Amino acid sequence: MFENNPLYQEDLSRVAELRLPWDKLNNKTILVSGASGLLGSFLLDMLMLRNERHETNIRLIALGR
């Protein structure tokens, strides 16, 4: 739905590049319930972008409707 929106892509990039302790998530598995909702889908998109750019090897499990 939002994935082609330039503002959404900019927000994803901005959050994925924040100076946070990302290394704590390296090689972890994360379960996201509510993945079809606004916050859950943003979290998944951002973590997938983080994986793509920084090879963090975060495994994602998404639960949705």
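Below you will find a few notes about this structure. Fair warning: this is a prediction, and the values are worked out from it, not measured in the lab. (Residues numbered from 1 in each chain as written. Predicted model: local features only at pLDDT ≥ 70, side-chain atom pairs only at ≥ 80, totals over all residues. Heavy atoms only, no water.)

1. What to know about the side chain of Asn 51
Locating Asn 51 in the fold gives a position in helix H2 (residues 38–54). Side-chain polar atoms of Asn 51 contact the backbone oxygen of Ile 58, separated by 2.7 Å. (Helix = DSSP H or I, 4+ residues; strand = E, 2+ residues; numbered from the N terminus. Polar contact = N/O pair within 3.5 Å; in protein donor to acceptor, adjacent residues only side chain to side chain.)

2. Here we look at unusual backbone geometry
Not every positive phi belongs to a glycine, and Asn 27 is a case in point at roughly 60°. Within the secondary structure, Asn 27 is located in the loop between helix H1 (6–16) and strand S1 (29–33). A positive phi angle, close to 50°, is found at Glu 55, a residue other than glycine. Its location among the elements puts Glu 55 in the loop between H2 and strand S2 (59–63). Relative accessible area serves as the criterion here: at 69%, Glu 55 is assigned to the exposed category. (Buried < 20%, exposed > 50% of the residue type's maximum accessible area, 1.4 Å probe, protein only.)

3. Let's talk about the side chain of Thr 56
Position of Thr 56 among the secondary structure elements: in the loop between H2 and S2. Taking relative accessible area as the criterion, Thr 56 reaches 6% and is therefore assigned buried. A polar side-chain atom of Thr 56 sits 2.4 Å from a polar atom in the side chain of Asn 51. Filtering out sequence-adjacent residues up to four positions away, Thr 56 remains in contact with Asn 26, Asn 27, Arg 50 and Asn 51. (Contact = heavy atoms within 4.5 Å.)

4. Structural notes on the nonpolar core
Tyr 8, Leu 12, Ala 16, Trp 22, Ile 30, Val 32, Ala 35, Leu 44, Met 46, Leu 47, Leu 49 and Ile 58 together form the largest nonpolar core, which totals 12 residues. Going through the elements one at a time, H1, S1 and H2 are the ones with two or more residues in this core. Residue contributions to this core peak at 4 residues, all from H2. Excluding residues that lie within four positions of it along the chain, Val 32 makes contacts with Gly 40, Leu 43, Leu 44, Ile 61, Ala 62 and Leu 63. (Core = buried A, V, L, I, M, F, W, Y, C linked by side-chain atoms within 4.5 Å.)

5. What to know about the pairing of S2
When S1 meets S2, the two strands line up parallel, connected through 5 bridges. Along S2, the bridge assignment pairs Ile 30 with Leu 60. As for the winding sense of the linkage, the β-α-β connection from S1 through H2 to S2 is right-handed. (Pairing = 2+ DSSP bridges. Right-handed = clockwise from strand over helix to strand, strands pointing away.)

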